[in-house]
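# Understanding the architecture of this molecule
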Amino acid sequence: SQANFEEDSQEQPAVGHWKTLMPSKGSKEEPETGCQDAGGGDETQSTEQLNVSRLRSSSVEIREKGSEFLKEELHKAQKELKLKDKECERLSKVREQLEQELEELTASLFEEAHKMVREANTKQAASEKQLREARGKIDMLQAEVTALKTLVITSTPSSPNRELHPQLQSPSKAVFRKGHGRNKSTSSAMVSAASQNVTPEPVSHECKEVDSILFAEFQAWKESPTLDKSSSFLNRIYQEDVGPCLDFTKQELSELVRVAVEKNTLTIEPVASQTLPVVKVSGEECGGPKKCALSGLPRTCKHRIMLGDSGNYYYISPSCRARITAVCNFFTYIRYIQQGLVRQDVELMYWEVMRLRREMSLAKLGFYPSEM
């Protein structure tokens, strides 16, 4: 049959021409066959329609399910988007807060750095100033130490160096001369008798004997020298010499003088003949060239004192100056001992202290050198 079909296809006429087909032997049965074909076509058509309707219903279901799925996915996406928006908003707030904190921290760091720089500059300036002052003090102290070493080496209690340390001069000779001069004011007979019967001995030949109690107190103080009054050595000297020597009529001013002497802040200077008047607390308290501020008596005052840096001057008589100078000489010497500047035997230092105590005793009794 395939061979016949091929032959028929090869023998087909050209396009546009019809070939007459001869009826076959079974032409009578053709109508029935056609009827049968028609019935089969209806069934096929209904089947196709049924299939089409099924396809349509399934497509509708698919569309509905797809739309529901898409709605669910959209809903999920919207929820996720809202969450993402909230997270972005939170992160943006965190970022703004961090930026603000960073700005505040930067500003505080810059402020702290500037403050530290200012403090460092201030401390550096203060340190440089203190360094300059310390260098000046060191130079001054070195010069003082050099002078004191020279003084200690060249001056001893038995033979003090009067050129380097005039305040260590013993007023005994001058006092004796002054007493002898007073005798001259009496009758010539008394003077001749005194000159015949009383022959002054040099100070270097006077007899001396160490008091065991005083020497023991001085030795105990020498082991750990201090300016505290609690030691028996200084307590005795305060009661017997320093206190009575600085006990003047003006009690309030006397106490100020004593404190200034102890603190080494008292200044004594001579009064020039043409000195301009200075600012004073009161005329009665400060005295004047013709009135002593400590005794309150009319005396010719050749010196004046200043207590610390007060700027107030007090005119003092020669007797008051001798008493203050004697106490100052004593404190100067024990300060030298305390600082380790006096390198002598303990007994020599003891006799020097006794000599200074004798000066205070004579001064508080009213004896003083004529040059004062």
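About the criteria used
- Residues numbered from 1 in each chain as written.
- Predicted model: local features only at pLDDT ≥ 70, side-chain atom pairs only at ≥ 80, totals over all residues.
- Heavy atoms only, no water.
- UniProt positions renumbered as here; feature names shortened; annotations may be inferred.
- Salt bridge = Lys/Arg side-chain N within 4 Å of Asp/Glu carboxyl O.
- Helix = DSSP H or I, 4+ residues; strand = E, 2+ residues; numbered from the N terminus.
- Buried < 20%, exposed > 50% of the residue type's maximum accessible area, 1.4 Å probe, protein only.
- Pairing = 2+ DSSP bridges.
- Expected span 1.5 Å × (residues − 1).
- Arc of directions from axis to C-beta.
- Contact = heavy atoms within 4.5 Å.
- Polar contact = N/O pair within 3.5 Å; in protein donor to acceptor, adjacent residues only side chain to side chain.
- Axes fitted to C-alpha atoms, helices over the stretch in contact; angles between N-to-C directions.

- As named in an unreviewed UniProt entry, the protein chain is R3GEF factor, taken from Ibidorhyncha struthersii.
- Under Sequence similarities (unreviewed entry), UniProt gives the following word-for-word description of the protein chain: "Belongs to the SEC2 family."

## Here's the deal with the pattern of salt bridges
- All chains considered together, the criterion is met by twelve salt bridges.
- For Glu217, the salt bridge goes to Arg236, with nearest N and O atoms at 2.9 Å. Placement of the pair is Glu217 in helix 5 (residues 212-223) and Arg236 in helix 6 (residues 232-245), with a sequence separation of 19 residues.
- Across the salt bridge formed by Glu352 and Arg355, the nearest N and O atoms sit 2.6 Å from each other. Here Arg355 and Glu352 lie together in helix 10 (residues 346-364), a separation of three residues that amounts to about one turn.

## Some remarks on the pairing of strand 2 (residues 303-307)
- Within strand 2, five of the five residues are buried, leaving the element largely enclosed by the surrounding structure.
- Covered by surrounding structure in strand 2 are His303, Ile305 and Leu307 together with Arg304 and Met306, the residues of both alternating faces.
- In the sheet, strand 1 (residues 266-270) pairs with strand 2 via five bridges, with the strands oriented antiparallel. Note that in strand 2 the partner of Pro270 across the bridge is His303.
- Where strand 2 folds back on strand 3 (residues 313-316), the antiparallel hairpin that results is connected by five residues, among which Gly308 adopts a positive phi of roughly 65 degrees.

## Here we look at helix 5
- Look at helix 5: 17 Å from first C-alpha to last across twelve residues, which is about the 16 Å you get at 1.5 Å a residue.
- Of all the positions in helix 5, only Leu214, Phe215, Glu217, Phe218 and Trp221 are classed as buried. Angularly, the buried residues of helix 5 cover 160 degrees about the axis, an arc narrow enough to put them on a single face. Along helix 5, the residues that are exposed and aim more than 90 degrees away from the buried face are Ser212 and Glu223.
- The inward-facing, buried residues of helix 5 abut helix 6, helix 9 (318-338) and helix 10.
- By the N-cap criterion, in which a side-chain oxygen at the helix start approaches the backbone nitrogen of a residue two or three places on, helix 5 is capped by Asp211, the distance to Ile213 being 3.0 Å.

## Remarks on unusual backbone geometry
- Positive phi, close to 60 degrees, is recorded for Asn264, a residue that is not glycine.
- Topologically, Asn264 is positioned in the loop between helix 7 (251-263) and strand 1.

## Examining the sheet that holds strand 1
- Strand order in the open sheet formed by three strands is 1-2-3, and the pairing between neighbours is antiparallel. This sheet does not close on itself; its edge strands, each paired only once, are strand 1 and strand 3. The mean inter-strand angle of the sheet, taken between neighbouring strand axes irrespective of direction, is 30 degrees.
- In the sheet, strand 2 pairs with strand 3 via four bridges, with the strands oriented antiparallel. Its bridge partner lying in strand 3, His303 is registered against Ile316.
- Those strands touched by helix 7 are strand 1, strand 2 and strand 3, and its axis lies near 75 degrees from that of strand 2.

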